[in-house]
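Secondary and tertiary structure notes
Given next are the chains, with one letter for each unit.
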Amino acid sequence: MLVSTRISVLLAGLALHFAAFVTAQEGGEKVVDGFSEADRSAMADTAEKHEFQTEVNRLMDIIINSLYTDKQVFLRELVSNAADALEKARFHSVQDDSFLGDTKDLEVKIEYDADGKTISITDTGIGMSKADLINNLGTVAKSGTTNFLEAMAEGSDTNLIGQFGVGFYSAFLVADKVTVTSKCNDDPTQHVWESSADASFTVVPDPRGNTLGRGSRVTLHLKEDAHDYLSEDKLKDAAKKYSQFIQFPIYVKVKKEVDVEAEEDDDDDDKEDEDDVETKDDEEKEEEEKESKPTKKTVYEWEQVNTQKAIWLRAKEDITEEEYTEFYKSISKDYLDPLAYTHFNAEGEIEFKSILYLPKKAPFDMMDNYWTKRSEVKLFVRRVLVAEKFEELLPRYLNFVRGVVDSDDLPWNITSKKLVRKVLEFMQELAKEEESGDDEDEEAEGEEEKKEEKKDKSDEDGTWTKFWKEFNKNLKMGCYEDDSNRSKLSKLLRFATTKSEGKEISLDKYLDRMQESQESIYYMSGDSMEVMLKAPALQIFKKKDIEVLMLSDHLDEPCLQKLADYEGKKFVSIQKADVKLDETEEEKKRFTKIKDMYKPLTDWWKDSLTELTEKGAMKDAGVKIEKVEVSKRLTESPVVVVTSQFGYSAQQERVMKAQAFQNKDQISMMSGRKTLEVNPNHPVVVDLLSKVKANKDDAAAKDTAAVLFQTALIESGYEIADPSALVSRVYRLMSKELGVDPDAPLKEVEVPEDEEEEEEEEEEEAEEEKEDGAKEEL
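Residues numbered from 1 in each chain as written. Predicted model: local features only at pLDDT ≥ 70, side-chain atom pairs only at ≥ 80, totals over all residues. Heavy atoms only, no water.

Brief notes about the overall build of the protein
Selection rule: Secondary structure elements follow DSSP: runs of H or I of four or more residues count as helices, runs of E of two or more count as strands, with numbering from the N terminus. To measure how exposed things are, a 1.4 Å probe is used in the Shrake-Rupley method; for residues, cover is taken only from the protein chains shown.
Secondary structure summary: the protein contains 27 helices and 23 strands in total. Taken as a whole, the protein presents about 43,600 Å² of accessible surface, with 46% of it coming from carbon and sulfur.

Take a look at the structure:
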């Protein structure tokens, strides 16, 4: 009985409204948002005027003038409010089957009126009574405005999603007047709330009666600079961008042209012209046939814009690989499949759902835009897009990660830490899986089939290897920048070594292969593996069979220097002074004796190089000599140059000098003082010792010492500012080797005349003699 009464009232109201609408149209009255001029006149006479509370005025001023940088978010806020109202209606319908009544479809509809310059968002949600309109939209009672303003004053993060009365006011970004028509089950009367953001609003019963059934309709009377939103494409794009994962259907009213038969349109004309039938010729018949062909007719339809479902809300076991892949491509706009993904629910103090993807290929400009690029993980709150690119959600070095994060409430700083931890844990799982697989391959020996299988597997890179090749620079930058997660990132690092045969291994694997007495992790840096393997500093490590990390990337060395140690083992550069190796007592005694033997040479060489670098040919090179000492690291080369413990290595010097805005003074200061180490067993050094003992002023000895130092600089990877001095000395040595006096003055070489030139001259002379003879005869 109650339901039938409601239906009767609803139908009567609709009939009255339709009759009034037709009358208004026939009378030429302007109808905007379903209200005729007569309706508006009646509303003006009976409207109740209310003043906004002070906090609401402050809030509107903040929202309109400073809070939002993108006006388009007004649609996000209003659709979010509509979705909240629909969710409340659905909740009530679960408790009361009759709650929905005749309006069973829970949906949001968006439309625009180009003539009236309005946009309307209609929902079939719970609706609002007169008291709700006053309390929710005009006072602090239920809007949360005070809390929001306090959070703004403190500079805290603000969450506007779903706070009807806070996000609602974003409508005034694009509208100079907002009309809210609402009807709820608890109030038999439909009411209209209206405001022009002028510190007041009105509430009045709707003179049209119950046109909604249940729900709310928010109509925005657009400002002049917002008329570009009177476009179905723009409304569809905005609704799809921010609200494509809302669980309730969202429709946008669209205009379409359909084919209709001409006869259907001309029925009335045919009736009027029945008495005027005339005989027609062939041309008229042809024209009639053409006119009878289908014509275009404009119709309006509701098109759903949020057809894509939020798969992160579903259970992992219910989602197929194809669905994960398609979802990745839809949010990332990548044409390739993802390399890997993780789907998880974070629980505890902060709860959120997320799907994160690792791309298969790095963007070509990834490191070019490193400092400005933002994280592209999309941030949702209750399935409403809050930010496509959120700077604080993930640190810069993880800006390649794609995916979504969705929560009911997000304190950004806590969520960011939790999300970073999840990403790094996911990467560690991938790295461990591959490393455990590699260990199994190494253990498989003996059988031909296993050997063949191992060979096949080695040809294919694992997931983590593929990822490392594409994004290793990002993780190294993270190791350098992220103090709180540096230990986690160190587990992910991979480096080639002197024993890895070109393959990059983890630091854990390096530790597993360390010698028992080895106390440090040794590394060296250079342009390439080929160059580093020939470096003099590596010779003793080859002899003692000690594994050394080979750092060929310019980010490797700063990364290890930031780490300082790994699992209690310090990182030590073999290209720097004071490298300590395991020695027996006998070796220590022998080395002490050798140092004493070569003290005359090392002292003399130190004085000679100091004079060369401070007063001689290399005074402008910026090289400072710390000392000359007997080396423990050389087995083949006569000399090697190493830098001080805290100075730049040769690789770092090259990188710093290549910077566009380099500071030469800083580079000079950080280059460090150089140490020349000599090989006491090398014949050249032995001969030099004997010459110095015999005569400290021996010019040949000085030349040899200078050439050895400069060539050692080059071989160790350092640059010589002015190579002319070295070149001159090399020329002198070559001259002496060839038995030529290097100080002999240059003489211009006499060039002999060619035979052809002599013959031509003779022929010219013969012709001249003939001509002279002919003249004499004449």
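Once you've had a look at it, read on.
Some words on the environment of Ala705
Going by this rule: We call two residues in contact when some of their heavy atoms are within 4.5 Å.
Its location among the elements puts Ala705 in helix H25 (residues 699–715). It is 7.0 Å that separates the C-alpha atoms of Ala705 and Trp605, two residues lying 100 residues apart in sequence. The residues contacting Ala705, other than those within four sequence positions of it, are Trp604, Trp605, Leu609 and Leu688.

What about the pairing of strand E13 (residues 384–387)?
What counts, and what does not: Strand pairing is assigned whenever DSSP detects at least two bridges linking the two strands.
With 3 bridges joining them, strand E12 (residues 376–381) and E13 adopt antiparallel strand pairing. The partner of Val381 across the bridge, within E13, is Val384. Taking the residues between adjacent antiparallel strands as the criterion, E12 and E13 are bridged by 2 residues, where Arg382 takes a positive phi near 50 degrees.

Focus: helix H11 (residues 321–332)
For clarity, the threshold we go by: Multiplying 1.5 Å by the helix residue count minus one yields the expected span of that helix. Under the scheme applied here, a residue whose accessible area is under 20% of the maximum for its type counts as buried, over 50% as exposed, and between as partly exposed, the area being computed with a 1.4 Å probe on protein chains only. Think of it as the arc spanned by the lines of direction from the helix axis to the C-beta atoms.
Taking 1.5 Å per residue as the helical rise, H11 with its 12 residues ought to reach 16 Å, and the 16 Å between its terminal C-alpha atoms agrees with that figure. Within H11, the full set of buried residues consists of Tyr324, Thr325, Phe327, Tyr328, Ile331 and Ser332. End-on view of H11: buried residues confined to an arc of 165 degrees, all on one side of the axis. Facing away from the buried side of H11 by more than 90 degrees, the exposed set consists of Glu322 and Glu326. Looking at the buried side of H11, the elements it contacts are strand E10 (340–346), strand E11 (352–358), E12 and strand E14 (402–407).

Considerations on the pattern of salt bridges
Threshold: The salt bridge definition used is simple: a Lys or Arg side-chain nitrogen within 4 Å of an Asp or Glu carboxyl oxygen.
Counted by the stated rule, this structure contains 34 salt bridges. The residue Arg90 makes a salt bridge to Glu87 at a minimum N-O spacing of 2.6 Å. Linking Arg90 with Glu87, this pair stays in helix H4 (residues 73–95), spanning 3 residues, or about one helical turn. A relative accessible area of 33% means that Arg90 is categorised as partly exposed. Residue Lys329 pairs with Asp337 through a salt bridge whose shortest N-O separation is 3.0 Å. A residue is classified by how much of its surface remains accessible, and Lys329, at 25% relative accessible area, is partly exposed. For Asp337, a relative accessible area of 34% gives the class partly exposed. A single network of salt bridges, built from pairs that share partners, joins Asp33, Glu111, Arg217 and Lys253.

Examining the environment of Glu376
Mapped onto the secondary structure, Glu376 falls in strand E12. C-alpha separation for the pair Glu376 and Ser332, spaced 44 residues apart in sequence, amounts to 8.3 Å. Ignoring sequence-local partners within four residues, the contact set of Glu376 consists of Glu388, Lys389, Asn399, Val401, Arg402 and Gly403.

So, the sheet that holds strand E18 (residues 549–551)
A sheet is described by the order of its strands in space; here 6 strands give the open sequence E16-E15-E18-E17-E20-E19, paired in mixed fashion. On the outer flanks of this sheet lie strand E16 (504–506) and strand E19 (565–566), each paired with one strand and no other. Summarising the sheet, strand E17 (residues 520–525) and strand E20 (residues 569–573) pair through 4 bridges and their orientation is parallel. Its bridge partner lying in E20, Ile521 is registered against Phe571.

Focus on the sheet that holds strand E23 (residues 674–678)
What counts is decided by this rule: Simply put, an axis is a line fit to the C-alpha atoms, just over the touching stretch for a helix, and the angle between two N-to-C directions goes from 0 to 180 degrees.
Taken together, 3 strands build an open sheet; the order of strands is E21-E23-E22 and the sheet is mixed. Single-partner strands in this sheet number two, and they are strand E21 (625–630) and strand E22 (639–643). Geometrically, the sheet is characterised by an average inter-axis angle of 20 degrees between neighbouring strands, direction not taken into account. For E21 and E23, the ladder comprises 5 bridges, and the chain directions are parallel. The partner of Val628 across the bridge, within E23, is Leu676.

Concerning the nonpolar core
To keep things clear, this is the line we draw: In these notes, a set of buried Ala, Val, Leu, Ile, Met, Phe, Trp, Tyr and Cys residues joined through side-chain atoms within 4.5 Å is what counts as a nonpolar core.
Among the nonpolar cores identified, the biggest contains 68 residues, and Met427, Phe541 and Leu549 are the most heavily contacted of them. Non-local contacts of Leu549, meaning those with residues more than four positions away in its chain, are made with Phe495, Ala496, Thr497, Leu507, Tyr510, Ile521, Tyr522, Tyr523, Met524, Leu560 and Phe571. Judged by nonpolar contacts, the second largest core, of 64 residues, contains Phe99, Met128, Tyr229 and Phe327.

Things to note about the packing of aromatic side chains
Aromatic rings in a pair are described by how distant their centres are and how their planes are angled relative to each other. Just so we agree on the cut-off: Between rings of Phe, Tyr and Trp, where Trp is taken as its six-membered ring, a pair exists when centres lie within 6.5 Å; planes separated by under 30 degrees are stacked, by over 60 edge-to-face, and by other angles tilted. Placement of a positive charge over a ring is assigned whenever Lys NZ or Arg CZ falls within 6 Å of the ring centre and within 35 degrees of the normal to the ring plane.
For the coordinates displayed, the defined rule picks out 17 aromatic pairs. Judged by centre distance (5.6 Å) and plane angle (55 degrees), the ring pair of Phe400 and Phe467 falls under tilted. In this pair, Phe400 sits in the loop between E13 and E14 while Phe467 sits in helix H14 (residues 463–481), placing the two residues 67 residues apart along the sequence. Each member of the pair, Phe400 as well as Phe467, is classed as buried. Across the ring face of Phe35, the terminal group of Arg208 is positioned such that the distance to the ring centre comes to 3.7 Å.

Concerning unusual backbone geometry
Despite not being glycine, Lys117 has its phi angle at roughly 55 degrees, a positive value. Among the residues examined, Lys117 registers a relative accessible area of 32% and is labelled partly exposed. If you check the backbone angles, Arg383 has positive phi at about 70 degrees while not being a glycine.

Here we look at a nonpolar patch on the surface
In plain terms, the rule: Candidates for patches are residues over 30% relative accessible area with no salt bridge; among them, like charges are joined within 9 Å and nonpolar side chains (Val, Leu, Ile, Met, Phe, Trp, Tyr) within 5 Å.
Together, Val727, Val730, Tyr731 and Met734 make up an exposed nonpolar region whose accessible area comes to about 360 Å². Assignment of secondary structure puts Val730 in helix H26 (residues 724–737). In this structure Val730 comes out as partly exposed when scored by relative accessible area, which is 32%.

Some thoughts on the confidence of the model for the protein
Condition: pLDDT: the predictor's confidence for each residue, scored from 0 to 100.
Of the residues in the protein, 78% have a pLDDT of 70 or more, and the chain-wide mean is 80. Low confidence marks residues 140–146, where pLDDT is under 50. Its contacts with residues over four positions away, or in another chain, come to 18 contacts. Confidence drops under pLDDT 50 across residues 156–165; counting only partners more than four residues distant or on other chains, this segment forms 38 contacts.

Here's the deal with a negative patch on the surface
This is how the line gets drawn: We score Asp and Glu as negative and Lys and Arg as positive, and we do not count His or the chain ends. All charge positions are set by atom: Lys at NZ, Arg at CZ, Asp at CG, Glu at CD.
Together, Glu762, Glu763, Glu764, Glu765, Glu767, Glu768, Glu769 and Glu771 line one region of the surface with negative charge. Looking at where Glu762 falls in the secondary structure, it is placed in helix H27 (residues 755–777). A residue is classified by how much of its surface remains accessible, and Glu762, at 53% relative accessible area, is exposed.

Thoughts on the packing of H4 against helix H7 (residues 232–243)
A pair of packed helices can be characterised by two numbers: the angle between their axes and the separation between those axes. Selection criterion: Note on terminology: angles under 35 degrees are roughly parallel, angles over 145 are roughly antiparallel, angles of 65 to 115 are roughly perpendicular, and the others are oblique. Handedness of a crossing follows from how the near helix is turned relative to the far one, being left-handed for an anticlockwise turn of less than a right angle and right-handed for a clockwise one.
In the contact formed by H4 and H7, the axes pass within 9 Å of each other and the chain directions differ by 60 degrees. By the angle between their directions, the pair H4 and H7 is classed as oblique. H7 is crossed by H4, and the crossing has right-handed handedness. Contacts between H4 and H7 involve Val73, Leu75, Arg76 and Val79 from the first element and Leu235, Ala238, Ala239, Tyr242 and Ser243 from the second.

Structural notes on the environment of Asp105
Mapped onto the secondary structure, Asp105 falls in the loop between H4 and strand E2 (108–113). When the C-alpha positions of Asp105 and Asp123 are compared, they lie 9.7 Å apart, and in sequence the two are 18 residues distant.

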